[in-house]
Amino acid sequence: MLETLAASLDLLLVPINFLVLAIGLAIGIVMGAIPGMTTPMAVALALPFTFTLGPVAGVLLLLGVYKGGLYGGSISAILIRTPGTPAAACTVLDGHPLAARGEARKALDMALYASCVADFISNLALIGFTGVLAAFALRFGPPEFLALILFSLTIIAGVAGDSLLLGLLSACLGLLLAPVGLDIIYGTGRFVFGSADLMAGLNFLPLLIGLFAIPEVIAFYVEPGQSGARGSANVGPRLSLAEFRASLGTIIKGSLIGVILGAIPGIGGAPAAFLSYNEARRTSPRPQDFGKGELRGVAAAEAGNNGVAGATMIPLLALGVPGDVTTAVILGAFMIHGLRPGPSMFAENESMIYALFMGLIVSSLFMLVLGKVAIRLASGITRVPAQYLYPSILIFCVFGAYAVNNSVFDVFVMLVFGLLGYGFKALALPTAPLLIAFILGPLLEDSFRQALRISGGSFAIFFQSMVSIVFWILAVVSIVLIVRARRSNIQLSG
């Protein structure tokens, strides 16, 4: 064992490894903060630069971009209500209200600290529990996915605002929009209305940008002085140690949720962020503060999505199965260097694996330092005059929507959802339920149909495994608690 650690240190303690890790984190933070520049896109763009690097340096570069991108999305989400990445969509709910009332620095600090703690916990889980969590992830088939997603959909009640009915209507619209495109089993078009552009479905990023960013731009021009898209020019006080300590339990809980969901291939950071957020709101003594500028809301969202980062590497390294789109690109980097992730990799390249593990621990510290620099630079956004800021936001939105598929149609989709989002804003309708339902809808449908095909149409398959039963019970308990809490609130307000 000591010989392995010594060999791992020899592989890691090379200046180029730390340099490329820092560069990767910096690139990821910048790319993540730009709406439309997704983390998988940033990692894919960085992949060619690994060809001339060694295996450790090449993988650390991509992991740095990945981790930096997950955190970077929170910066634009907080300052200009435009999530840089899908995983940062939940951060908007409390991050931007904090910025709007002059506490942007607190929100940015909380996002950074929660991201770093969650990243560190996720890395420890990767190092210590790769085998256990990978075995747990293997137990998730379509029936288990369905039960998990149905439990996750109870999140909608937590972000529905004052009216559960309006929240459910918003969610129903999201579920109606999710199936647009080709049916994955039969290849037939659904809700495409003869449009070839709709065959590929509605892309998530243009929809996300349209719902959150465009309404603020419209509001600035339609209702001058009433838009809340930017925070105060005074970014406010720093996050105090007492405020961080008060949120530490939320951060740890959100990190663990992110680790568990990250170990399951195909889930991703956005569902983990919303599930963490809902759990924080459910257990809070003041759940009514969530959505209005609650620091624990920012902590939960960022802990959930950053807790996914290290955990997505668990199925990749242990089983050779990418945990998400980004780790699929990282799998390509391993194969470029003649390495095949999986059980045999630990036997054949143990020293390199432990060198990567130690590099990941260092990445959490690097992210803290670089995140501080990013906050200092990004805070200047709040001092940009409104007449220059909003046209710039609009340009970035158009660029981000177009860059996803180099498609003008995606820009049109963004504008349509921008108008829809403005209508929701004007009528005080919640947009978060629509977003959650749109994210989880395809996973729900695919799991349901796959499970029925496996069972030959028998619904008994959904209750045959202990994992499924546990999530069914959790879903029922969650619904009961939500109904009781709503009734209590109605009685108190009455």
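Residues numbered from 1 in each chain as written. Predicted model: local features only at pLDDT ≥ 70, side-chain atom pairs only at ≥ 80, totals over all residues. Heavy atoms only, no water.

(A) Structural view of the packing of helix α6 (residues 104-128) against helix α13 (residues 241-262). Look at α6 against α13: their axes get within 9 Å of each other, and the N-to-C directions meet at 45°. Relative to α13, the element α6 is oriented oblique. When you trace α6 past α13, the crossing you get is right-handed. The segment α6 lies against α13, with K106, M110, Y113, A114, V117, A118, I121, S122 and A125 engaging E243, F244, S247, I251, I252, S255, L256 and V259. The class makeup of the residues in the contact of α6 with α13 is twelve nonpolar, three polar and two charged. (Axes fitted to C-alpha atoms, helices over the stretch in contact; angles between N-to-C directions. Helix = DSSP H or I, 4+ residues; strand = E, 2+ residues; numbered from the N terminus. Parallel < 35°, antiparallel > 145°, perpendicular 65-115°, else oblique. Left-handed = near helix turned anticlockwise from the far one by under 90°. Contact = heavy atoms within 4.5 Å. Nonpolar A, V, L, I, M, F, W, Y, C, P; charged D, E, K, R; others polar.)

(B) View of helix α15 (residues 295-311). The end-to-end C-alpha distance of α15 is 25 Å, a good match for the 24 Å that 17 residues give at a rise of 1.5 Å each. Its side-chain oxygen 3.2 Å from the backbone nitrogen of R296, E294 forms the N-cap of α15. (Expected span 1.5 Å × (residues − 1). Polar contact = N/O pair within 3.5 Å; in protein donor to acceptor, adjacent residues only side chain to side chain.)

(C) Structural detail: the pattern of salt bridges. Using the criterion set out here, one finds 13 salt bridges in the structure. We note a salt bridge from E294 to R296, for which the minimum N-O separation is 3.8 Å. Looking at E294, the relative accessible area reads 14%, which means it is buried. Residue classification places R296 among the partly exposed residues on the basis of a relative accessible area of 27%. Each of R101, E103, K106 and E243 takes part in one network of salt bridges that share partners. (Salt bridge = Lys/Arg side-chain N within 4 Å of Asp/Glu carboxyl O. Buried < 20%, exposed > 50% of the residue type's maximum accessible area, 1.4 Å probe, protein only.)

(D) Broad picture of the packing of aromatic side chains. Summed over all chains, the structure comprises nine aromatic pairs. Ring plane angle 40° and centroid distance 6.4 Å describe the contact between F409 and F412, whose orientation is recorded as tilted. Residue F409 and its partner F412 are both found in helix α21 (residues 408-426); the two are separated by three residues, about one turn of the helix. Members of the aromatic cluster, connected to one another through ring pairs, are F448, F459 and F462. (Phe/Tyr/Trp six-rings, centres within 6.5 Å; stacked < 30°, edge-to-face > 60°.)

(E) Region of the structure containing unusual backbone geometry. Residues other than glycine seldom take positive phi values, yet F191 does so here, at roughly 55°. By secondary structure assignment, the location of F191 is in the loop between β2 (189-190) and α11 (204-212). F191 gets classed as partly exposed once you look at its relative accessible area, which sits at 45%. One non-glycine residue, F193, adopts positive backbone phi at about 50°. Considering the arrangement of structural elements, one finds F193 in the loop between β2 and α11. Judged by relative accessible area, which is 74%, F193 ranks as exposed.

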